[in-house]
Amino acid sequence: MSITSLLPIASRGACCAPLTRAMLAAADAVDLARSLKALADPTRLRLISIVAASEGQEACACDLTAPVGLSQPTVSHHLKVLTDAGFLSRTQRGNWAHFALVPGALDSVARLLTSA
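Residues numbered from 1 in each chain as written. Predicted model: local features only at pLDDT ≥ 70, side-chain atom pairs only at ≥ 80, totals over all residues. Heavy atoms only, no water.

**Q** So what's going on with helix α3 (residues 26–39)? Which residues, and what values?
**A** Given a rise of 1.5 Å per residue, 14 residues ought to cover 20 Å, and the 20 Å separating the end C-alpha atoms of α3 matches this to within 8%. Each element contacted by the buried residues of α3 is listed here: α4 (42–53), α6 (72–84) and α7 (105–114). (Helix = DSSP H or I, 4+ residues; strand = E, 2+ residues; numbered from the N terminus. Expected span 1.5 Å × (residues − 1). Contact = heavy atoms within 4.5 Å.)

See below:
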């Protein structure tokens, strides 16, 4: 029996295909994890969906509580997380905040996973 036959197959290079593009850098992985964490909540995904489906991809906070069935403070918390993560922008109009999708923000998450 040769010494090479005692090594695991992966260390012999027989089973692994070479990388065809650069892998995700450590800093990009941290940023992506932060973004995915912000998205990894059913309420936040629904809020993004509601804003995306609204005219001009913008919605008033007053229109976001009833569809998700949560209190205004809870919805405000979720909207803040999405805004801090860069998925939504916020503008104040009188007493109400309006939220809009940040162009390309969702695309940038997908791009980090699929390109170098």
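So much for the structure itself; the text now carries on.
**Q** Now, about the packing of α4 against α6: what can you tell me, with residues and values included?
**A** Two elements in contact, α4 and α6, have axes separated by 10 Å at closest approach and are oriented at 75°. Between α4 and α6, the crossing angle belongs to the class labelled roughly perpendicular. Contacts between α4 and α6 involve T43, R44, L47 and I48 from the former and V75, H77, H78, L79, V81 and L82 from the latter. Looking at the contact of α4 with α6, its residues break down into six nonpolar, three polar and one charged. (Axes fitted to C-alpha atoms, helices over the stretch in contact; angles between N-to-C directions. Parallel < 35°, antiparallel > 145°, perpendicular 65-115°, else oblique. Nonpolar A, V, L, I, M, F, W, Y, C, P; charged D, E, K, R; others polar.)

**Q** Tell me about the side chain of H78, residues and numbers included.
**A** The topology assignment puts H78 in helix α6. Classification of H78 by relative accessible area gives buried; the value is 9%. One polar contact links H78 to R44, side chain to side chain, over a distance of 3.1 Å. Discounting residues that sit within four places of it in the chain, H78 has contacts with D41, T43, R44, L47 and L70. (Buried < 20%, exposed > 50% of the residue type's maximum accessible area, 1.4 Å probe, protein only. Polar contact = N/O pair within 3.5 Å; in protein donor to acceptor, adjacent residues only side chain to side chain.)

**Q** Break down the nonpolar core for me, citing the residues and quoting the values.
**A** In this structure, L47, L64, L79, L82, F87, L88 and F99 are the most contacted members of the largest nonpolar core, which totals 20 residues. Sequence-distant contacts of F87, that is, excluding residues within four places in its chain, are made with S35, A38, L39, I48, L82, A100, L101, V102, A105, L106 and V109. (Core = buried A, V, L, I, M, F, W, Y, C linked by side-chain atoms within 4.5 Å.)

**Q** Mind laying out the pattern of salt bridges, listing which residues take part and the relevant values?
**A** A complete count under the given rule lists three salt bridges for this structure. Between R34 and D31 there is a salt bridge, and its shortest N-O distance comes to 3.3 Å. In this pair, R34 and D31 both sit in helix α3, three residues apart, roughly one turn of the helix. According to the relative accessible area criterion, D31 is partly exposed, its value standing at 39%. The partner of E58 in a salt bridge is R93, and the shortest N-O contact between them spans 3.0 Å. Of the two residues, E58 sits in strand β1 (residues 58–60) while R93 sits in strand β2 (residues 88–93), which places them 35 residues apart along the sequence. With a relative accessible area of 41%, R93 lands in the partly exposed category. (Salt bridge = Lys/Arg side-chain N within 4 Å of Asp/Glu carboxyl O.)

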